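Per-entry structural report
Residues per chain are reported as follows:
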Amino acid sequence: MIRRDTSRFISPDALLFVALATIWGLSFVAIEVGLETVPPLFFAAIRYALAGVLVLAYAAMTTDRIRPHGLTEWLNVAVVGGLLVAGYHALLYIGQTFVSGPVAAVVVSLSPILTAVFAAALLEDTLELTAVGGFLLGLVGVAVVADLDLSNLLGADATGIAVLFGAAATFAFGAVLSTPLRTTLADVSMQAWAMLFGAGILVGASLARGEPITTVTWTPTAALALAYLTVFSGVIGFLLYFALHGRIGPSETNLVGYFQPIVAALAGWAVFGQAVTPETVVGFLAIFTGFVMIERKLVRQTIGPVSFHPDSLRYRLRKRFPRLLGRRGGRSVRVKLGTDAVYDDETAGADYGHDAD
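Throughout this document, residue positions are counted from 1 along each chain, in the order its sequence is written. Under the rules for a predicted model, residues below a pLDDT of 70 receive no local features and side-chain atom pairs below 80 are neither given nor counted, while totals for whole chains, interfaces and linings still include all residues. To obtain the side-chain values, all non-hydrogen atoms of the structure were included, while hydrogens and water were left out.

**Remarks on the overall build of the protein**
Going by this rule: Numbering of helices and strands runs from the N terminus, with a helix taken as a DSSP run of H or I at least four residues long and a strand as a DSSP run of E at least two residues long. Accessibility here uses a 1.4 Å probe with only protein chains present; expressed as a share of the type maximum, an area under 20% marks a residue as buried, one over 50% as exposed, and anything in between as partly exposed.
For the protein, the helix and strand inventory stands at 15 helices and zero strands. When the 357 residues of the protein are sorted by exposure, 51% land in the buried category.

This is the structure we're talking about:
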């Protein structure tokens, strides 16, 4: 019996990254499934109320302190819960009543770009000319995805894109505002309270919007979608995120947002038979290129020289094709790979959080 050691070829960090991108990418399709029978704000509220309870229970078992203390910590809960949970997801769920999950995933992938812009405006981070160009290119990408037609600005697709753009901007704004508010309270505890606080806001917004809560039909598919969003996306995905956050850093973990549209597109095709249009692909590439222009140092660090095991496939390919794969003097080069880090005081730009499900 031949035993394969996959760790020589695929690192645990890469497996965690792919798992997180898959879980959160599928969330867009799960949202679309649930919205067929459940009103958007009520759907989001139930999801985060349940997830908040589960995460709070996990925090009680794994941390020394679960309750926020002082004005700063409660203000952080209010900012994260009000903007990143309630505001972002309210607009995300409403936006997905107009457009498909894969399109929504592409539009909200703009949030890291907007985060860098808000950070430059509010936290005095520098925004170079290249970064400005990246921001403008990201906006062009959104316009391409929307298939912008000046004669039909009030159409359903255009309305959905505008709402989703607002979702991305809300998340980015909240991420920047929460950065100076981080304290010694564990992230898992803070996030649990933020989920519950955001769920309360979403319930109030649902009632104010007049959503037919009492007549909701919980079909088996809607219940399954809720279970997935609560347990997998809301709890398991959250734990995977912080595992990656501790292993490779906040900036690299944030890159997961650019793999989610790919997963969402494949899931949308499998579940709904949705075809990805050329405009969506071009728009996503423009948004991703804009991000690379803004965070080019991060990208160089992330994909730059890494260590190779002597028996790994990449190591053998590098020896065989040194020019193609950038071999340096025949020696392996090591570097510490150093990605929703809303709460990291030492991060900037893309180091702010990204939970785009």
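Next comes the rest of the account.
**Thoughts on the confidence of the model for the protein**
As a reminder, the rule being used: Per residue, pLDDT captures the predictor's confidence, and it can take any value from 0 to 100. Residue contacts are counted whenever heavy atoms from the two residues lie within 4.5 Å of one another.
Averaged over all residues, the pLDDT of the protein is 78; the fraction at 70 or higher stands at 74%. Across residues 1–9 the pLDDT falls below 50, and counting only partners more than four positions away or on other chains, this stretch makes seven contacts in the model. Counting contacts from residues 323–354, a segment whose pLDDT is below 50, to residues more than four positions away or on other chains yields 102 contacts.

**What about a nonpolar patch on the surface?**
Formally: Like charges are joined within 9 Å and nonpolar side chains (Val, Leu, Ile, Met, Phe, Trp, Tyr) within 5 Å, but only among residues with over 30% relative accessible area and no salt bridge; these make up the patches. Using a 1.4 Å probe, the Shrake-Rupley method yields the accessible areas, and only the shown protein chains count as cover for residues. Counted as salt bridges are all cases of a side-chain nitrogen of Lys or Arg within 4 Å of a carboxyl oxygen of Asp or Glu.
Taken together, the side chains of L54, V231, F232 and I236 define a hydrophobic patch exposed on the protein surface, amounting to about 300 Å² of accessible area. With three residues, helix α9 (residues 220–248) is the largest single contributor of residues to the nonpolar patch. In this structure, F232 sits in helix α9.

**A short note on the packing of helix α1 (residues 12–34) against α9**
Geometry of a packed helix pair, given as the angle between the helix axes and the separation of the axes. What counts here: Helix axes are fitted only over the stretch in contact, all axes being lines through C-alpha atoms; the angle between N-to-C directions runs from 0 to 180 degrees. Note on angle classes: values under 35 degrees are labelled roughly parallel, values over 145 roughly antiparallel, values of 65 to 115 roughly perpendicular, and the remainder oblique. Note on convention: the crossing is left-handed when the near helix lies turned anticlockwise from the far helix by less than a right angle, right-handed when the turn is clockwise. Residues are grouped as follows: Ala, Val, Leu, Ile, Met, Phe, Trp, Tyr, Cys and Pro are nonpolar; Asp, Glu, Lys and Arg are charged; all remaining types, including Gly, are polar.
Interhelical geometry of α1 versus α9 gives an angle of 155° and a closest axis separation of 9 Å. The orientation of α1 with respect to α9, classified from their angle, is roughly antiparallel. Pair α1 / α9 crosses with left-handed handedness. By residue class, the composition of the contact of α1 with α9 is 22 nonpolar, six polar and two charged.

**Considering helix α4 (residues 101–108)**
For α4, the tally of buried residues reaches eight of eight residues, placing the bulk of the element in the interior. Of the residues making up α4, those classed as buried are G101, P102, V103, A104, A105, V106, V107 and V108.

**Points about the nonpolar core**
What counts, and what does not: We define a nonpolar core as any set of buried Ala, Val, Leu, Ile, Met, Phe, Trp, Tyr and Cys residues linked to one another through side-chain atoms lying within 4.5 Å.
Judged by nonpolar contacts, the single largest core of 86 residues is most densely connected at F43, L92, Y93 and I113. Counting residues per element, this core draws most heavily on α9, which supplies 12 residues.

**With respect to the packing of α1 against helix α11 (residues 260–272)**
Running from N to C, α1 and α11 point in directions that differ by 45°, and their axes come no closer than 8 Å. Taken together, the axes of α1 and α11 are oblique relative to one another. Here α1 runs over α11; the crossing is right-handed. Taken together, the residues of α11 that come into contact with α1 (itself represented by A21, T22, W24, G25, L26, F28, V29, E32 and V33) are Q260, V263, A264, A267, G268, V271 and F272. Along the lines of polarity and charge, the residues of the contact of α1 with α11 split into 11 nonpolar, four polar and one charged.

**Some thoughts on the packing of aromatic side chains**
What characterises a pair of aromatic rings is the spacing of the ring centres plus the angle enclosed by the ring planes. This is how it is decided: Put simply, two rings from Phe, Tyr or Trp (the six-membered ring, in Trp's case) pair if the centres are within 6.5 Å, and we call them stacked under 30 degrees between planes, edge-to-face over 60, tilted for the rest.
Here the structure, examined in full by the defined rule, presents 10 aromatic pairs. Pairing Y228 with F232 gives two aromatic rings, centres 5.3 Å apart and planes at 15°, and the pair type is stacked. Linking Y228 with F232, this pair stays in helix α9, spanning four residues, or about one helical turn. Y228 sits in the buried class, given a relative accessible area of 17%. Residue classification places F232 among the partly exposed residues on the basis of a relative accessible area of 39%.

**Topic: the environment of I262**
Within the element layout of this structure, I262 appears in helix α11. On the accessibility criterion, I262 (45% relative accessible area) is partly exposed. Measuring from C-alpha to C-alpha, the distance between I262 and V276 comes to 10.0 Å, with 14 residues separating the pair along the chain.

**What about the side chain of Q96?**
Selection criterion: Two N or O atoms count as a polar contact when they lie within 3.5 Å, although within protein this holds only if one can serve as hydrogen donor and the other as acceptor, and sequence-adjacent residues are included solely when both atoms are side-chain atoms.
Topologically, Q96 is positioned in the loop between α3 (70–95) and α4. The buried category is assigned to Q96, whose relative accessible area is 4%. Within the structure, Q96 has its side chain in polar contact with the backbone oxygen of F28 (distance 2.9 Å). In this structure, Q96 is in contact with F28, I31, E32, L35, G101, A104 and L164, ignoring residues within four places of it in sequence.

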